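A look at the structure
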Amino acid sequence: KNNGVSFTHLVEKNKSVVVDTLTDLIKRNDVVIMDVVGEGIGGVYTQLATRLSDICIIPMRSSVNDEASFYDGLNPVIQSSIKEKPKRAKDTFFLLPTFVHPSSNPKKIKDYFEAVIPKYIKVLPCCFFDRNVFDYYNADGATLQEFVASSKSNKRENAKAKQANADIENIAK
């Protein structure tokens, strides 16, 4: 292993290519971070992420629609992964509250999610208050740190990028 962290943007649809690429990345790196698009039941990336990851972070809004989507789409995939490897039910799946108003109390948000999701999903004690920056920072293959540096000429975008970077650091802790 190269004792590194891999930042890879993988948009391949061919399942065997995805499996081969991820298997190679996992062999060569100590940490591989995958940002998987939201998919319905049977989504290739979601299935692979839940089976190959040591930790899965699930961003979710506190909304009826997101809760229904979780139970209809993602939860069956997670349950299948846990059935395959029961140890995954402990300390593998973490929910990250997103699009939370900045004046909201993160403890109350955590309590809300703990009441509505299965116990094998742990709720992180922090929130993504505004996730929009994550929707476009890597469009050119940039890392978040590179995006912070490249946005210095635009005070508003740079402030968002710096906050996003701080959010990632908080989640990592």
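Up top is the structure these notes are about.
Read on for a plain summary of the structure. Quick caveat, the model's predicted, so the values are computed rather than measured.

Next up on the list: the overall build of the protein chain. Helix and strand content of the protein chain: seven helices and five strands. For the protein chain, the sequential pattern of α-helices and β-strands runs β-α-β-α-β-α-β-α-β-α-α-α. Out of the 173 residues in the protein chain, the part that is buried amounts to 35%. Counting only contacts in the protein chain whose residues sit at least 6 apart along the sequence, the fraction spanning at least 24 positions is 68%.

Attention shifts here to the side chain of Ser53. When you line up the elements, Ser53 lands in the loop between α2 (44-52) and β3 (56-60). Aside from chain neighbours lying at most four places away, what touches Ser53 is Met34, Leu48, Arg88 and Thr92.

If you walk through the whole model with that rule in mind, you get two aromatic pairs. Centre to centre, the rings of Phe70 and Tyr71 are 5.1 Å apart; their planes meet at 85°, and the pair counts as edge-to-face. Residue class for Tyr71 comes out partly exposed when judged on its relative accessible area of 36%. Arranged with centres 5.3 Å apart and planes meeting at 75°, the rings of Tyr112 and Phe113 form a pair that is edge-to-face. Residue Tyr112 is classed as partly exposed on the basis of its relative accessible area of 33%. With relative accessibility at 0%, the residue Phe113 sits in the buried group.

Once that is clear, we can look at the environment of Val100. Topologically, Val100 is positioned in the loop between β4 (93-97) and α4 (106-116). Put simply, Val100 and Arg61 are 39 residues apart on the chain and 7.4 Å apart in space, counted from C-alpha to C-alpha. For Val100, the contacting residues outside a window of four places in its chain are Ile109, Cys127, Phe128 and Phe129.

Judged by how many residues are buried, β4 sits mostly within the fold: five of five residues are covered. By the alternation rule, side chains of β4 split into Phe93, Leu95 and Pro97 and Phe94 and Leu96, which are all buried. Bridge count for β3 against β4 is five bridges, and the pairing is parallel. Paired with Ile57 across the two strands is Phe94, which belongs to β4. For the crossover that starts at β3, traverses helix α3 (residues 64-84) and ends in the parallel β4, the hand is right-handed. Looking at chain direction, β4 and strand β5 (residues 121-123) are connected through three bridges and run parallel. In the strand pairing of β5, Phe93 is matched with Ile121.

Glancing now at unusual backbone geometry. One non-glycine residue, Asp91, lies in the positive phi region at around 60°. A relative accessible area of 39% means that Asp91 is categorised as partly exposed.

The rules behind these values
- Residues numbered from 1 in each chain as written.
- Predicted model: local features only at pLDDT ≥ 70, side-chain atom pairs only at ≥ 80, totals over all residues.
- Heavy atoms only, no water.
- Helix = DSSP H or I, 4+ residues; strand = E, 2+ residues; numbered from the N terminus.
- Buried < 20%, exposed > 50% of the residue type's maximum accessible area, 1.4 Å probe, protein only.
- Contact = heavy atoms within 4.5 Å.
- Phe/Tyr/Trp six-rings, centres within 6.5 Å; stacked < 30°, edge-to-face > 60°.
- Pairing = 2+ DSSP bridges.
- Right-handed = clockwise from strand over helix to strand, strands pointing away.

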